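# Residue-level structure breakdown
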Amino acid sequence: MNILETKDLHHDFSGLKVLFGIDLQVEEGERHAVIGPNGAGKTTLFNTITGTYHPSKGKVFFKGKDITGYKPHKLARIGMGRSFQITSTFTRLTAFQNIRLAILAKHGIRFNLFRYVDKMKDITRETEIMLERVNLINERNVPAGLLSYGKSRALEISMAMATDPELILLDEFAAGMSRDETHNAVAMIRKMTEGKTVVIIEHDMDVVFSLADRITVLHYGKILATGKPDDIRDNQDVKDAYLGDLHV
Amino acid sequence: MMKKIIKPILWLALLVILIFFPKLFGIYYTNVFVTFAIFATYAVAVNVLLGYTGLLSFGHAMFFGFGGYGTALALKHIDGIALMPAIGIGFLAAMLLALVLAPVVTRVSGTAFAMVHLAFGQLFYILALKLRNITGGEDGIGNFPIPAFTIPGLISFPMKGDPVNFFYLAMVLLGISLWLMWFFTKTPFGQIQVGIRDNEKRIDYLGYKIPQTKAIIYVVSGAFTGLAGSLYGLFHNLVSADGSLGAMISFSPIIAAMVGGVGSFFGPIWGTAVFQVIEELTHRFTDRVELVMGVTLILVVMFAPSGIMGFVNTMKMKWHAYTASKAKMEKTS
Ligand SMILES: Nc1ncnc2c1ncn2[C@@H]1O[C@H](COP(=O)(O)OP(=O)(O)OP(=O)(O)O)[C@@H](O)[C@H]1O
Ligand SMILES: [Mg+2]
């Protein structure tokens, strides 16, 4: 079954056409990579799926339901989570407080004005377990804005996963990470997303081919090819348009 | 460990000082302190929006005024109303105003939010001047009856012309207000609030509804501002357009919050204290209090842009980051 599907999705920014009829299909439980050159429209695709923008034409289906035009908070509540290409954390809150906001959201604790949040032991424990799993426990009390680049990226992706969504969209999670950091992040994502559906946008082909079950190639706002990694590697169109210059 | 012992001792000391304040410092300073406490609570209520949620209102005097006029009108027109219900009416009037405005104003932020409030604030200022037969126009409502604080059959403390009794009443009510607002910042809701300040987009993506969250904070801020306004009216036994609804009434808590530090709960209290002291000292030499305050604000913005408490907190954060990196260094070496 497809957990996520877009049908004839279009988007333009006041005249500048960016997406031209995208039919993306993501199967439940798979790790799907969206690749393509800079400016292909990958982030815009995420933004139209997750409610940042209302697509100018077409539909988005999540778990069989038409969710076109749903706002981010509504999508979050029905099991969609995402991370951002440009780190988007709560810079003045500590790593712990950042993750805790995601854990509170996961439990639907929103308008509680009656309890000390610091005294909610279950929440604290769950947050700390999460910090340990993503290797941020030493940075527990450091404001997100003062974390090193690699650590702040780790925080960025762990916030997307901490709400425990069924579908996780990660936009270039490894962007700017060192070799080692990328390696750790891949292992972490593998471990934390077991049994879930993941869509990643990624430029690093080592990451793509080691992580993805299926790949969709986006080129100038259109899907060039979709398939298993081996098929994509051998696809002549993809080689000509994109992979050719990357020497995979 | 030390912190755990020192903190309660400090609070206890503060409590003791407050209890003996009128005896220790006399009527004049008791009244100065009531003014300070009212404006400090008001500044904290403004900062719940400004510092904790990133919403700057240029018209909070309308809540201050609603509280004052609500209480004054109740005492003037409702026969035999007791003191606490009258204060409650002021509180509720401001809360109601916030509830009515919330659906509109929480859809905007930044400059639009500030400007909409400037407009509403001025609107109510003008209304208070125009609706003479209700508000008393320029003269305002003065010398309205102020009943004693009574618990039937137990106690009765006269309030009118008794600044010491009023001091205790104000301290209790303002103390409870401050504690409640502080408590809210420590709840899960308070965390969402600071999340909105730091990054609205991410809050949305975590599944929190932003307008609703802002609306609740807005109502809390408006209601406690109303309570401060109510006490201010009782304190002077007068509410007037200039005294309770004027533009300066909107600006002064913002300035106090900025000087004390908007990023901290207690910052606005320190800021109010600084201004109160400056005002007291300046008055001895000149009437140009605003001038001295303006210069103070400029100095703070230039040399400690996040206020007194902001400066302290930045140092704390740097210390945390430093110890974390040091711990890592020791591990690797
Ligand atoms: N908010 C916006 N307003 C106007 N144009 C935009 C906006 N966002 C993206 N674009 C344009 O849309 C096109 C696709 O951008 P998008 O960010 O989706 O590309 P991408 O595939 O994610 O690229 P990259 O690999 O560099 O992240 C680009 O030409 C970009 O300039
Ligand atoms: Mg992108």
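What comes next is a walk through the structure.

How each quantity is defined
- Residues numbered from 1 in each chain as written.
- Chains lettered and ligands numbered in written order.
- Predicted model: local features only at pLDDT ≥ 70, side-chain atom pairs only at ≥ 80, totals over all residues.
- Heavy atoms only, no water.
- Axes fitted to C-alpha atoms, helices over the stretch in contact; angles between N-to-C directions.
- Helix = DSSP H or I, 4+ residues; strand = E, 2+ residues; numbered from the N terminus.
- Left-handed = near helix turned anticlockwise from the far one by under 90°.
- Contact = heavy atoms within 4.5 Å.
- Nonpolar A, V, L, I, M, F, W, Y, C, P; charged D, E, K, R; others polar.
- Buried area = accessible area lost by both parts, 1.4 Å probe.
- Polar contact = N/O pair within 3.5 Å; in protein donor to acceptor, adjacent residues only side chain to side chain.
- Donors = N, O, S within 2.8 Å, 3.2 Å for Na, K, Ca; no water.
- Patch = residues over 30% accessible without salt bridge, like charges linked within 9 Å, V, L, I, M, F, W, Y side chains within 5 Å.
- Areas by Shrake-Rupley, 256 points an atom, 1.4 Å probe, with all protein chains shown as cover.
- Salt bridge = Lys/Arg side-chain N within 4 Å of Asp/Glu carboxyl O.
- Lys, Arg positive; Asp, Glu negative; His and termini not counted.
- Charge placed at Lys NZ, Arg CZ, Asp CG, Glu CD.
- Near = heavy atom within 4 Å.
- Pairing = 2+ DSSP bridges.
- Parallel < 35°, antiparallel > 145°, perpendicular 65-115°, else oblique.
- Phe/Tyr/Trp six-rings, centres within 6.5 Å; stacked < 30°, edge-to-face > 60°.
- Buried < 20%, exposed > 50% of the residue type's maximum accessible area, 1.4 Å probe, protein only.
- Expected span 1.5 Å × (residues − 1).

## Concerning the packing of helix H3 (residues 83-105) of chain B against helix H4 (residues 110-130) of chain B
A pair of packed helices is characterised by two quantities: the angle between their axes and the separation of those axes. Residues and elements named next belong to chain B. As a packed pair, H3 and H4 sit with axes 12 Å apart at the nearest point and diverge in direction by 145°. Crossing angle aside, the handedness with which H3 passes H4 is right-handed. Across the interface between the two elements, Leu-97, Leu-101 and Val-105 from H3 touch Phe-113, Val-116, His-117, Phe-120 and Phe-124 from H4. Tallied by class, the residues present in the contact of H3 with H4 amount to 7 nonpolar, 1 polar and no charged.

## Structural notes on the interface of chain A and chain B
How large an interface is tends to be reported as the accessible area lost when its parts come together. Counting from both sides, the interface comprises 43 residues of chain A and, opposite them, 33 residues of chain B. In total, about 3,500 Å² of surface goes out of reach between chain A and chain B, with carbon and sulfur atoms giving 64% of it. When the buried area of chain A at its contact with chain B is split by residue, Arg92(A), Leu113(A) and Tyr116(A) rank highest and sum to 19% of it. Where chain A packs against chain B, one counts 16 residue pairs in polar contact (both at pLDDT 80 or more). When residues in the side of chain A that touches chain B are grouped by element, the largest group, 6 residues, is from helix H3 (residues 95-106) of chain A. By residue class, the composition of the side of chain A that touches chain B is 21 nonpolar, 13 polar and 9 charged.

## Examining the coordination of the magnesium ion (ligand 2)
Distances from the magnesium ion (ligand 2) to its protein donors, namely Thr43(A) (OG1) and Gln85(A) (OE1), fall within the range 1.9 to 2.2 Å. Taken together, the positions of Thr43(A) in helix H1 (residues 42-49) and Gln85(A) in the loop between strand E7 (80-83) and H3 put the pair 42 residues apart, joining distant regions of the chain.

## Describing a positive patch on the surface
Taken together, the side chains of Lys3(B), Lys7(B), Lys186(B) and Lys316(B) present a region of like positive charge at the surface. In this fold, Lys316(B) is placed in helix H14 (residues 307-332).

## Section: the site of ligand 1
All names here are of chain A. Not every one of the 14 residues close to ligand 1 is listed here, only the nearest: Asn-38, Lys-42, Thr-43, Thr-44 and His-203. A distance of 2.8 Å is found between an oxygen atom of ligand 1 and a side-chain nitrogen or oxygen belonging to Asn-38. Interatomic distance of 2.8 Å between a side-chain N/O atom of His-203 and an oxygen atom of ligand 1. Burial of ligand 1 by the surrounding chains reaches 63%, relative to a free accessible area of 630 Å². When residues of the shell around ligand 1 are traced back to their parent elements, those giving at least two are strand E2 (16-22) and H1. Taken together, the residues of the shell around ligand 1 break down into 5 nonpolar, 7 polar and 2 charged.

## Thoughts on the sheet that holds strand E11 (residues 222-227) of chain A
Residues and elements named next belong to chain A. Reading across from one edge, E7-E8-E9-E4-E10-E11 is the order of the 6 strands in this open sheet, with mixed pairing throughout. Edge strands, defined here as strands with exactly one partner in the open sheet, are E7 and E11. Here the average twist between neighbouring strands, direction ignored, is 15°. The sheet contact formed by strand E10 (residues 214-219) and E11 spans 5 bridges and is antiparallel. Looking at E11, one finds that Ile-215 is bridged to Gly-227.

## A word on the packing of H3(A) against helix H4 (residues 121-133) of chain A
All names here are of chain A. Axis separation between H3 and H4 bottoms out at 9 Å; the angle between their running directions is 120°. By the angle class used here, H3 and H4 are oblique. The two elements H3 and H4 cross, and the hand of that crossing is right-handed. Residues Ala-95, Phe-96, Ile-99, Arg-100, Ile-103, Leu-104 and Lys-106 of H3 lie in contact with H4, whose contacting residues are Ile-123, Thr-124, Glu-126, Thr-127, Glu-128, Met-130 and Leu-131. Taken together, the residues that form the contact of H3 with H4 break down as 8 nonpolar, 2 polar and 4 charged.

## What about the packing of aromatic side chains?
Going through the model one piece at a time under the given rule, you end up with 27 aromatic pairs over all chains. Each ring, one from Phe84(A) and one from Tyr205(B), has its centre 5.0 Å from the other, and the planes form 85°; the classification is edge-to-face. One end of the pair, Phe84(A), is in the loop between E7 and H3; the other, Tyr205(B), is in helix H8 (residues 200-206), on a second chain. Here Tyr205(B) falls in the buried class, since its relative accessible area comes to 9%. Following the ring pairs from residue to residue traces out a cluster consisting of Phe21(B), Phe25(B), Phe33(B), Phe36(B), Phe167(B) and Tyr168(B).

## Some details on H3(A)
All names here are of chain A. Here H3 contains 12 residues, and its C-alpha end-to-end distance of 17 Å stays within 8% of the 16 Å for a straight helix at 1.5 Å per residue. Across the 12 residues of H3, 10 count as buried, placing the element largely inside the fold. Buried within H3 we find Ala-95, Phe-96, Asn-98, Ile-99, Arg-100, Leu-101, Ala-102, Ile-103, Leu-104 and Ala-105. One or two steps after H3, the chain reaches Gly-108, where phi turns positive at roughly 70°.

## Quick word on the environment of Ile6(B)
Mapping Ile6(B) onto the fold places it in helix H1 (residues 2-53). Sequence-wise, Ile6(B) and Thr41(B) are 35 residues apart; in three dimensions their C-alpha atoms are separated by 25 Å.

In short, the description is geometric, and any link to function would need to be established separately.
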